[in-house]
Amino acid sequence: MNAWPFIAAAYGLTGAATAALVGWCWSAMRRAERAAEALRRR
């Protein structure tokens, strides 16, 4: 049995999960920056 399809799928899943985590962290950072800016304007 050839293992390469499983290896490729694992790398693809890891890449997708990493991209999703980076996007989630980036959006959380942007929300926090907006909230901090709103507090500064008060």
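Not measured: the values here are computed from a predicted model.

Here is what the cut-offs are and how they apply
Residues numbered from 1 in each chain as written. Predicted model: local features only at pLDDT ≥ 70, side-chain atom pairs only at ≥ 80, totals over all residues. Heavy atoms only, no water. Helix = DSSP H or I, 4+ residues; strand = E, 2+ residues; numbered from the N terminus. Areas by Shrake-Rupley, 256 points an atom, 1.4 Å probe, with all protein chains shown as cover. Salt bridge = Lys/Arg side-chain N within 4 Å of Asp/Glu carboxyl O. Buried < 20%, exposed > 50% of the residue type's maximum accessible area, 1.4 Å probe, protein only.

**A closer look at the overall build of the protein**
At step 1: Of regular secondary structure, the protein possesses 1 helix and 0 strands.
At step 2: Counting only C-alpha atoms and orienting by the principal axes, one finds that the protein spans roughly 65 × 5 × 5 Å.
At step 3: Summed over all atoms, the accessible surface of the protein reaches about 4000 Å², with 69% contributed by carbon and sulfur.

**Side note on the pattern of salt bridges**
At step 1: Here the structure, examined in full by the defined rule, presents 2 salt bridges.
At step 2: In this structure, Arg 40 engages Glu 37 in a salt bridge whose closest nitrogen and oxygen atoms are separated by 2.7 Å. Pair noted here: Arg 40 and Glu 37 are both in helix α1 (residues 4-41), with a separation of 3 residues, about one helical turn.
At step 3: A relative accessible area of 30% places Glu 37 in the partly exposed class.
At step 4: The partner of Glu 37 in a salt bridge is Arg 41, with the nearest N and O atoms 3.5 Å apart. Of the two residues, Glu 37 and Arg 41 both sit in helix α1, 4 residues apart, roughly one turn of that helix.
At step 5: If you follow the salt bridges from partner to partner, you end up with Glu 37, Arg 40 and Arg 41 in one network.

**Some details on the environment of Trp 4**
At step 1: Note on placement: Trp 4 falls in helix α1.
At step 2: Given a relative accessible area of 59%, Trp 4 falls into the exposed group.
At step 3: Sequence separation between Trp 4 and Ala 36 is 32 residues; the distance between their C-alpha atoms is 47 Å.

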